[in-house]
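# Coordinate analysis (summary)
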Amino acid sequence: MLLTVLNSGSMGNGYVLSSGTEALVLECGVPRQDCLAALGWRTSHAAGCLLTHEHGDHAKYVRDYAQLMPVYTSRGTAEALGQERLHILEPLRTVHLGGFSVRPIPAQHDAAEPFAYLIDHHDIGRLLFATDTYYLRYRIPCLNHLMVECNYSLPILNANIEAGLVPAALKERTLNSHMSLEHLCEMLAANDLTHVAQIVLIHLSARNADKSAFCREIIAATGKPTIAATKGLQIELSPIAPF
């Protein structure tokens with residue numbers, strides 16, 4: 001299974017999981033031509049698109065995507081976007097999109113009804129996709145891959161506020177809407193990572209994150225290969241941990 005990062009961060013978010021014969025799109029935050037290119041211009045291969053919430057960096061192009069493929073999201077997100085063409089998912093209720101089995105998980109963000117997603121496919125095992133959430137209340141069994149937000153580190157955020165690089169008024173919103181490095185380490189420690197092959201850090205802040213340092217810290221905490229998502233990155237995902 002090939003993971004293609006269309007973009008990751010406040011300027012737009014989009015990812016494609018492709019087995020070569022079918023694909024699952026994650027988010028609608030980049031122009032549809034970028035998504036189409038990652039699909040090889042074959043929309044018939046797309047089993048659908050999963051949308052986490054209504055904020056523009058994730059949902060700006062939702063109308064365009066909905067013309068190409070079914071877009072799935074929560075009822076709250078669909079209502080916040082005023083979109084009637086979206087397919088509604090119920091929390092914790094599994095749906096099957098082609099060979100992908102998808103379970104929406106309630107997330108914690110300043111949005112109407114944000115979701116994270118647990119995605120199963122025979123080519124990769126079980127993948128957790130969690131972005132724009134400051135914590136997850138669930139422990140997830142049998143994980144093979146994680147695409148998880150690591151937006152900021154509190155010491156970096158505080159230093160940037162002191163230096164006047166980040167408005168102090170944004171601190172409370174950041175703390176209550178995004179996953180910090182510190183909270184991610186706690187979440188990972190609370191889950192069984194025995195069969196995890198790789199961790200992909202997503203939605204890193206341009207100012208309040210250090211990609212290299214964050215990867216080193218997650219590797220030290222988990223012993224798992226870890227990489228930060230960047231535009232154009234492609235990763236082959238395997239269902240079996242390499243060690």
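For the structure itself, look to the data block above.
This write-up is about the structure you can find in this document. Keep in mind the model is a prediction, meaning the values are calculated, not measured.

### Considering the nonpolar core
Within the largest apolar cluster, 27 residues are counted, with the highest numbers of intra-cluster contacts made by Leu-17, Leu-26, Leu-50, Ile-119, Phe-129 and Met-147. If you list the elements that add at least two residues to this core, you get strand S1 (2-7), strand S2 (14-18), strand S3 (23-26), strand S4 (46-50), strand S8 (100-106), strand S9 (115-121), strand S10 (125-130) and strand S12 (198-202). Tallying contributions element by element places S9 first for this core, with three residues. Not counting residues up to four positions away in its chain, the partners in contact with Phe-129 are Tyr-15, Leu-26, Glu-27, Thr-52, Ala-116, Tyr-117, Ile-119, Met-147 and Ile-202.

### Overview of unusual backbone geometry
Positive phi values are uncommon outside glycine, yet Trp-41 reaches one of about 65 degrees. Mapping Trp-41 onto the fold places it in the loop between helix H1 (32-38) and S4. Backbone geometry places Asp-132, a non-glycine residue, at a positive phi of 50 degrees.

### Some thoughts on the packing of helix H7 (residues 181-189) against helix H8 (residues 211-222)
At a closest axis distance of 10 Å, the pairing of H7 and H8 adopts a crossing angle of 25 degrees. In terms of axis orientation, H7 runs roughly parallel to H8. With respect to the hand of their crossing, H7 and H8 are arranged in right-handed fashion. Facing Leu-181, Leu-184, Cys-185 and Leu-188 of H7, the residues of H8 in contact are Phe-214, Glu-217, Ile-218, Ala-221 and Thr-222. Here the contact of H7 with H8 is composed, by residue class, of seven nonpolar, one polar and one charged.

What counts, and at which threshold
Residues numbered from 1 in each chain as written. Predicted model: local features only at pLDDT ≥ 70, side-chain atom pairs only at ≥ 80, totals over all residues. Heavy atoms only, no water. Core = buried A, V, L, I, M, F, W, Y, C linked by side-chain atoms within 4.5 Å. Buried < 20%, exposed > 50% of the residue type's maximum accessible area, 1.4 Å probe, protein only. Helix = DSSP H or I, 4+ residues; strand = E, 2+ residues; numbered from the N terminus. Contact = heavy atoms within 4.5 Å. Axes fitted to C-alpha atoms, helices over the stretch in contact; angles between N-to-C directions. Parallel < 35°, antiparallel > 145°, perpendicular 65-115°, else oblique. Left-handed = near helix turned anticlockwise from the far one by under 90°. Nonpolar A, V, L, I, M, F, W, Y, C, P; charged D, E, K, R; others polar.

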